[in-house]
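Close look at the chain arrangement
Okay, here's what each chain looks like letter by letter:
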Amino acid sequence: MSQDTVFQGQSEARPRLNPPIYRWQEDMPENNQPQLVPPQLIWLNTKNTIWMEIPRYEGVVWGGMIFGGVITLAATLFIMVISFFVMGDIIDNLGFSVDGTGLMMLFFLINYSLLSLVILFLKVYFFEPRDQPVRLNSTRQIIYTFDYKRKWWNPWARWPATVKAYHWPDIHGEMRFSSDLYTGGFQLFASVCQPGTLNVTERFQIASGSPAQLQQLWSYLCLYMQGESVPDEAVNKGRPDFWCPRKADKWPAEMERESTTAPDSELSALRACSELSDKTS
């Protein structure tokens, strides 16, 4: 059965973007078009007439990280203890011929691998930011993303945060369904296309939730960027407890200024309107 047949069997709609996202479910309405779904945020950090920020949560089983770190640390210590007493006898009984240097290198490799796993688990739990926010500046028509790049293969290295900016007109919304064990469910992605085309250059996740929640969220973002009236509050208040203990790191100073201000000409106009309102009140 061809992929087109599968799509037709599921729905009349077919992916617009090239290539479509893996496990595609539906395309969101274009961000410059009227939105037919009532707007509603799931979470909100801050919002005003110039910019707003929504939290973004990466699905990780945080309890599993600390549990895995403790168990692996215990295994590391256990192997370090027994390796000096019984490992040589075990290898001899199995019929392997390993000299002292080779045996020490084997012990080192095993312990290093286990210790690296300990560092990985604990680093994810204690040091990785859990809130990796997205900012939208309605006056500049730019969306900014804060990403923490994890390197699973090298837990000893520094894991830097990266901040990127994209032109809102180049953004298209896609919903997919993931069957992953720990991060499964419906997910809303922003797909960045070459200007004036539907050819995708990169993607980043905005949120996860039910299809209705993600449709309302996309509608909210689009209407906000269009300058339309949207609710001031999200469904969920505050910050989820399971996002503790780490918030996102600070944004770079230049990106902080750009993402939270209007262009100079528009900022001057906003100040003039504010001063005129004060005089007439």
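Since the structure is predicted, the reported quantities are computational estimates derived from the model, not experimental observations. (Residues numbered from 1 in each chain as written. Predicted model: local features only at pLDDT ≥ 70, side-chain atom pairs only at ≥ 80, totals over all residues. Heavy atoms only, no water.)

Digging into the overall build of the protein chain
Regarding its fold elements, the protein chain presents seven helices and nine strands. Within the protein chain, contacts between residues at least 6 apart in sequence are counted, and of these 68% link residues at least 24 apart. Approximately 16200 Å² of the protein chain is accessible, and the part contributed by carbon and sulfur atoms is 60%. (Helix = DSSP H or I, 4+ residues; strand = E, 2+ residues; numbered from the N terminus. Contact = heavy atoms within 4.5 Å. Areas by Shrake-Rupley, 256 points an atom, 1.4 Å probe, with all protein chains shown as cover.)

Side note on the pairing of strand β4 (residues 134-137)
Neither face of β4 is open: one carries Val-134 and Leu-136, the other Arg-135 and Asn-137, and all of them are buried. With four bridges connecting them, strand β3 (residues 51-54) and β4 associate as antiparallel partners. Note that in β4 the partner of Ile-54 across the bridge is Val-134. Sheet topology note: the β4/strand β5 (residues 142-148) ladder contains four bridges and is antiparallel. Within the sheet, the bridge partner assigned to Arg-135 lies in β5 and is Tyr-144. The hairpin formed by β4 and β5 contains four residues between the paired strands, and Gln-141 there has a positive phi angle of roughly 55°. (Buried < 20%, exposed > 50% of the residue type's maximum accessible area, 1.4 Å probe, protein only. Pairing = 2+ DSSP bridges.)

Structural notes on the packing of aromatic side chains
Aromatic rings in a pair are described by how distant their centres are and how their planes are angled relative to each other. Counting across every chain of the model gives five aromatic pairs. Ring geometry for Tyr-112 versus Trp-156: centroids 6.0 Å apart, planes at 10°, classification stacked. One end of the pair, Tyr-112, is in helix α4 (residues 100-126); the other, Trp-156, is in the loop between β5 and β6 (161-167), with 44 residues separating them in the sequence. What makes Trp-156 partly exposed here is its relative accessible area of 43%. Looking at Arg-135, its charged tip hangs above the ring of Trp-251, at a distance of 4.2 Å from the centre. (Phe/Tyr/Trp six-rings, centres within 6.5 Å; stacked < 30°, edge-to-face > 60°. Lys NZ or Arg CZ within 6 Å of the ring centre and 35° of its normal.)

Concerning the environment of Ala-161
Relative to the helices and strands, Ala-161 is located in strand β6. By relative accessible area, which is 33% here, Ala-161 ends up partly exposed. The spacing of Ala-161 and Asp-147 is 14 residues in sequence and 5.5 Å in space, taken between C-alpha atoms. Look past the residues within four positions of Ala-161 in its chain and what remains in contact with it is Phe-146, Asp-147 and Tyr-148.

Side note on the sheet that holds strand β1 (residues 24-27)
Strand order across the open sheet formed by four strands is β1-β7-β8-β9, with antiparallel pairing between neighbours. At either end of the open sheet lies a strand with only one pairing partner, and these are β1 and β9 (200-209). Between one strand and the next, the sheet's axes are offset by a mean angle of 30°, whatever the strand orientation. Of the strand pairs in this sheet, β1 and strand β7 (residues 171-178) are connected by three bridges, and their pairing is antiparallel. (Axes fitted to C-alpha atoms, helices over the stretch in contact; angles between N-to-C directions.)

Re the pattern of salt bridges
Scanning the entire structure with this criterion turns up nine salt bridges. With its nearest N and O atoms 2.8 Å apart, the salt bridge here joins Arg-16 to Glu-30. Within this pair, whereas Arg-16 is found in the loop between α1 (3-10) and β1, its partner Glu-30 is found in the loop between β1 and β2 (46-47), the two being separated by 14 residues in sequence. Residue Arg-203 is joined to Glu-174 by a salt bridge in which the shortest nitrogen-to-oxygen separation is 2.8 Å. A residue pair is termed long-range when its members are at least 10 positions apart, and Arg-203 in strand β9 and Glu-174 in strand β7 qualify at 29 residues. (Salt bridge = Lys/Arg side-chain N within 4 Å of Asp/Glu carboxyl O.)

Some remarks on the sheet that holds β3
Spatially, the five strands line up as an open sheet ordered β2-β3-β4-β5-β6, and their pairing is antiparallel. Sheet topology places β2 and β6 at the edges, where each strand pairs with a single neighbour. Lying over the sheet, helix α5 (residues 211-225) contacts β2, β3, β4 and β5, oriented at roughly 160° with respect to β3.

Thoughts on unusual backbone geometry
The omega torsion of the bond from Asn-18 to Pro-19 falls at -5°, within 30 degrees of zero and hence cis. Within the secondary structure layout, Pro-19 lies in the loop between α1 and β1. A positive phi angle, close to 60°, is found at Arg-23, a residue other than glycine. By secondary structure assignment, the location of Arg-23 is in the loop between α1 and β1. Backbone geometry places Gln-141, a non-glycine residue, at a positive phi of 55°. Examined against the element boundaries, Gln-141 turns out to sit in the loop between β4 and β5. Among the residues examined, Gln-141 registers a relative accessible area of 25% and is labelled partly exposed.

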